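So the chains spell out like this:
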Amino acid sequence: MKMGKKVTIGVCVMEKKAFSGPMLQILERLQAFGEFEIVHFGDKVILEEPIERWPVCDCLIAFYSSGYPLEKAEAYAALRKPFLVNELGQQHLLHDRREVYERLEMFGIPVPRYALVNREFPNQELDYFVEEEDFIEVHGNKFWKPFVEKPVHGDDHGIMIYYPSSAGGGMKELFRKVGNRSSEFHQEVRRVRREGSYIYEEFMPTGGTDVKVYTVGPEYAHAEARKSPVVDGVVMRNPDGKEVRYPVLLTPMEKEISREICIAFQQAVCGFDLLRSEGRSYVCDVNGWSFVKNSYKYYDDAACVLRKMFLDAKAPHLSSTIPPILPWKVNEPVQPSEGLTRQGSGIIGTFGQSEELRCVIAIIRHGDRTPKQKVKLKVTEEKLLNLMLKYNGGRPRAETKLKSAVQLQDLLDATRILVPRIRPGRESDSEAEDIEHAEKLRQVKAVLEEGGHFSGIYRKVQLKPLKWVKVAKNNGEGEDEKPVEALMILKYGGVLTHAGRNQAEELGRYFRNNMYPGEGTGLLRLHSTYRHDLKIYSSDEGRVQMSAAAFAKGLLDLEGQLTPILVSLVSKDSSMLDGLENASSEMEEAKARLNEIITSGIKSVNINPEKPWMVDGAGVHPNASELLPELVKLTKKVTEQVRLLAKDESEELAEASSTGVILPYDQAKALGKTNIDVDRIAAGLPCGSEGFLLMFARWRKLQRDLYNERKERFDITQIPDVYDSCKYDLLHNAHLNLEGLDELFKVAQLLADGVIPNEYGINPKQKLKIGSKIARRLLGKILIDLRNTREEAISVAELKSAQDINPSVPNGGREEIDQRFKSQSKMELAGKGSFTSEKSMDQEDDEDKETKYRLDPKYANVKTPERHVRTRLYFTSESHIHSLMNVLRYCNLDESLQGEDSLVCDSALERLCKTKELDYMSQIVLRLFENTEVALEDPKRFRIEMTFSRGADLSPLEGNDSEAASFHQEHTLPIMGPERLQEVGSCLTLEMMEKMIRQFAMPAEDFPPPSIPQGFSGYFSKSAAVLERLVNLWPFNKH
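Reading guide: rules and limits
Residues numbered from 1 in each chain as written. Predicted model: local features only at pLDDT ≥ 70, side-chain atom pairs only at ≥ 80, totals over all residues. Heavy atoms only, no water. Helix = DSSP H or I, 4+ residues; strand = E, 2+ residues; numbered from the N terminus. Buried < 20%, exposed > 50% of the residue type's maximum accessible area, 1.4 Å probe, protein only. Contact = heavy atoms within 4.5 Å. Areas by Shrake-Rupley, 256 points an atom, 1.4 Å probe, with all protein chains shown as cover. Core = buried A, V, L, I, M, F, W, Y, C linked by side-chain atoms within 4.5 Å. Axes fitted to C-alpha atoms, helices over the stretch in contact; angles between N-to-C directions. Parallel < 35°, antiparallel > 145°, perpendicular 65-115°, else oblique. Left-handed = near helix turned anticlockwise from the far one by under 90°. Nonpolar A, V, L, I, M, F, W, Y, C, P; charged D, E, K, R; others polar. Polar contact = N/O pair within 3.5 Å; in protein donor to acceptor, adjacent residues only side chain to side chain. Phe/Tyr/Trp six-rings, centres within 6.5 Å; stacked < 30°, edge-to-face > 60°. Lys NZ or Arg CZ within 6 Å of the ring centre and 35° of its normal. Pairing = 2+ DSSP bridges.

Draft legend 1. Quick look at the overall build of the chain. Assigned secondary structure in the chain consists of 34 helices and 32 strands. Taking all 1039 residues of the chain together, 54% fall into the buried category. Put simply, of all contacts in the chain between residues at least 6 apart along the chain, 74% involve residues at least 24 apart. A total accessible area of about 46600 Å² is found for the chain, and carbon and sulfur atoms account for 51% of it.

Printed below as a string of structure tokens:
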């Protein structure tokens, strides 16, 4: 081929396909590289002209669609011999489901259990086919209902599912989308079809999602999930009318399946359907040429991959490396990547050439939230007590939790009846309690009404019975207990704000651009290929889950709403990331001692001036006892201003309720927003969904709890809450111009900086004890992640050296190596249990396969096994970040480790001592590097680098400059960049890290087998309702 001549790409497909959106997007990008000329054949040429008159081209895109002359295209390819993206001969296979399954089995790709029924003419009676009420039998193979019946012809989409009589029988017909429907249920149909040939297969329970995979060559696969037509046949669409698709991470096994399918069918661009059922994956359909719709990231990637294919085939002298800026993006405005994240103290040291990143583990606090709140009141009202009995199974002494929409609606109906309509005049003191009770009921009602619909993530109510009386049974025999008083606790607030979403997404973007050296934006491409293994875990709290989803959106550059991202990518692990139950007694002790230090006004004497962090109550302000009265005074001042605002609001409300309805604020809409509700702000209302009544309730409760006037006693545990409220109002409600709020913030901050860190232990030893209790499970999991990464890296290195010694290792030799891995990972399983953490024992074989697939070069299709990066993200709350940090910095104080240095260097210890607050989005990041130049046995081969960021930066709240003003406008604080926890040039080996932390961590063998992330775990009103209905329709799942 002559230099400088363009490579011609012939597009020999039906016009309907050639001019579809995705095809045009990808061809346009290929053209932008400037190396290709694109020739469209067109229907007239394809259908009418002889092949000798078809245009000549170097590369050919040709695939079957209805009406396409496949044999003619084959003859053309034989005549001109262009490079074919998708081979033509193999496309005949795709028309016959029998041949597709045969081919899949030939290549060892898992398919559902199936059987064939071939008929030569309609209704032919076959002796090997038996149909009974609840099963069919083919050649002695029994298929119990539910089973699937598919026509053998690939172009016939009439697939049916037959249900067992125990589930009410009937049949569901699946078909190509028509408008908003993709399936129809026929209650009366019991018998299978007999007019043609069919494949029968087991019905796989997949949790309501279908995974569609799109390959571009054997090394690249994009996957997304949709709601399965099996669920209810209603296609879920987003506001633009497009079908909702959920992002999916393919497992290494599934990426291997994608490779094999490309090779088996010789189709580089190929779509297929995966069923994920009970921890395994099966292929149930191969579609041939298909592109993803509406994903710009995929279009970019597909164009880059196809370009490389064409150049390697026809112009190997041209470089096929991807330019740093893709040609079609040259004129796009550059996205400022450093929007919210500040650069820290040089996180990323210089890497030696021989060092490779192997693992990134980050523990991250959730983003900006509204203040968390609690209302407690004793209730004696019959209506509420009956409600408690209704939901606790009628047990008089059992407590009840109300979380679901139905339960909360019930409670709201009851409170609406009980809240007195008008406020009577002034009453005497004896009725003051009644007023407070009515006030609290009004607050409960206001909280329940806020948002206009219920979403269980954000509000929950507990009812605990306190007093009982005996009543005679209805039938007059004996007596029953009946509760007459209960404690009602309503918890609400703590919702991720629009600012919290922005912060999380921005931090995800920052990670994408800065945590993976040498990858550029390559994390994404890394992610779609074999080499990135990502898992995201979150605690049970809604704000933590939403932060995790927003972060994932930024990290993986995903499009669309957070809900599908959360459902598909985030696994909940509350036992690891929630809860303080086992450290509560030590924490009480610490709080009591802290109370003494603060209220008594004792000045702490520092015995160790070099290490100020070693004293009891480090960080407590020397004049704390004098600041307390000041705090109370300023809190009163702010509360009084909010009271007046609330009074005006309640008077307006009273007028409005006499004239008509006032619309509730829609929290669902608010959650979907990443920006501020400008109209509310302009109208002088509080930000978000809080009205003045609730804002007043929040401040009034703080004022009451902070200082008990009758007993003249301060409650220092309220200091963090006062600080939290101040910070929230300064950021989100600055437009209300509350006088004295900034002074209050400064005083509250001085006090909170002493209180918060000391609640987790009053001195380093106690901090270590409390920290190791709270973070024990998380520490165990981190060690497992690091060990697994090391095992894998060592296996890759051994494989590589075996190859170097004998580069042409025949299969036998490789098999031998495989066997070695197998026995090694079996030993692992039996011995340390280091793999069992992420997989249960019965998936042992999968583990073998997975290790083998990831490492065996004959699967990896590269000369040397590619490096593999493991990323584990843990989203949690402040308590776990404090606890983990305390173990990392003070583990050397344990008796058994006497004489060891801390994992954290002195300068960092000092910085941490000055860092009082681990604010929203604060994170601790561990990165494991492998130095490939060092011997495998050398501990220096694996080095850990620890960095931390204290999260949101408060200085804009304190400053008055233009920067501060812009943050006020956006209500969003920037996040501090990471800072090192070790001296530059020091080397913390993995071995040392294990030695220091092992005894504070839960041992690997104590970890239960993991649960498979549940497809849709009903959080969201719509899909949850659909799935609840579905679960009730599926009694056969209950057997």
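Having seen the model, we can carry on.
Draft legend 2. Region of the structure containing the side chain of Ser295. Residue position: Ser295 is located in the loop between strand 18 (280–288) and helix 8 (296–314). Taking relative accessible area as the criterion, Ser295 reaches 7% and is therefore assigned buried. With near-sequence residues (within four places) excluded, Ser295 lies in contact with His222 and Glu559.

Draft legend 3. Geometry of the nonpolar core. In this structure, Leu903, Met946, Met993 and Ile997 are the most contacted members of the largest nonpolar core, which totals 46 residues. Only strand 19 (355–365), helix 16 (574–577), helix 25 (776–805), helix 29 (878–890), helix 30 (906–914), strand 29 (923–931), strand 30 (942–949) and helix 33 (990–997) provide two or more residues apiece to this core. Excluding anything up to four places from it in sequence, Ile997 contacts Leu779, Leu783, Leu888 and Leu903. Leu627, Leu634, Tyr723 and Leu741 belong to the second-largest nonpolar core, a separate cluster that totals 41 residues.

Draft legend 4. Quick look at the packing of helix 5 (residues 97–106) against helix 7 (residues 252–265). Orientation of helix 5 relative to helix 7, taken along the N-to-C sense of each, is 120 degrees, at an axis distance of 10 Å. The pairing of helix 5 with helix 7 is recorded here as oblique in orientation. In this structure, helix 5 meets helix 7 at a crossing whose hand is right-handed. Only Ile261, Ala264 and Phe265 of helix 7 make contact with helix 5, whose side of the interface consists of Val100, Arg103 and Leu104. Per-class residue counts for the contact of helix 5 with helix 7 are 5 nonpolar, no polar and 1 charged.

Draft legend 5. Region of the structure containing the side chain of Thr415. By secondary structure assignment, the location of Thr415 is in helix 10 (residues 405–418). Polar contacts involving the side chain of Thr415 include one to the main-chain carbonyl oxygen of Leu411, which spans 2.6 Å. Of the polar contacts made by the side chain of Thr415, one reaches the backbone oxygen of Leu412; its length is 3.1 Å. Setting aside residues up to four positions removed in sequence, Thr415 forms contacts with Leu441, Val444 and Leu448.

Draft legend 6. Representation of the packing of aromatic side chains within the structure. Going through the model one piece at a time under the given rule, you end up with 21 aromatic pairs. When the ring of Phe36 is compared with that of Phe310, the centres are 5.8 Å apart and the planes differ by 75 degrees; the resulting orientation is edge-to-face. You can see Phe36 sitting in strand 2 (residues 36–40) and its partner Phe310 sitting in helix 8, a full 274 residues away along the chain. With relative accessibility at 1%, the residue Phe36 sits in the buried group. Here Phe310 falls in the buried class, since its relative accessible area comes to 0%. Between the aromatic rings of Trp289 and Phe291, the centroid separation amounts to 5.3 Å while the plane-to-plane angle is 70 degrees, which identifies the pairing as edge-to-face. By relative accessible area, Trp289 is classed as buried at 11%. Chaining the aromatic ring pairs together yields one cluster made of Phe63, Trp289, Phe291, Tyr296, Tyr298 and Tyr299. The positively charged end of Arg119 is found above the aromatic ring belonging to Phe129, 5.5 Å away from the centroid. One Lys or Arg, Lys727, reaches over the ring of Tyr920 and ends 4.9 Å from the middle of that ring.

Draft legend 7. How the structure looks around the packing of helix 17 (residues 584–600) against helix 23 (residues 741–759). As a packed pair, helix 17 and helix 23 sit with axes 9 Å apart at the nearest point and diverge in direction by 155 degrees. Between helix 17 and helix 23, the crossing angle belongs to the class labelled roughly antiparallel. Of the two elements, helix 17 crosses helix 23, and the hand of that crossing is right-handed. Between helix 17 and helix 23, the residues in contact are Met587, Ala590, Lys591, Leu594 and Ile598 and Gly754, Val755, Asn758 and Glu759, respectively. The class makeup of the residues in the contact of helix 17 with helix 23 is 5 nonpolar, 2 polar and 2 charged.

Draft legend 8. Inspection of the sheet that holds strand 9 (residues 147–151) at higher detail. Judged by pairing direction, the sheet is antiparallel, and its 6 strands sit side by side in the order 5-13-9-10-11-12 without closing on themselves. One side of each edge strand has no neighbouring strand; the edge strands of this open sheet are strand 5 (114–117) and strand 12 (181–186). Strand-to-strand twist in this sheet, taken as the mean axis angle between neighbours without regard to direction, amounts to 25 degrees. As paired strands, strand 11 (residues 171–178) and strand 12 are joined by 5 bridges and run antiparallel to one another. Directly across from Glu173, in strand 12, lies its bridge partner Glu184.

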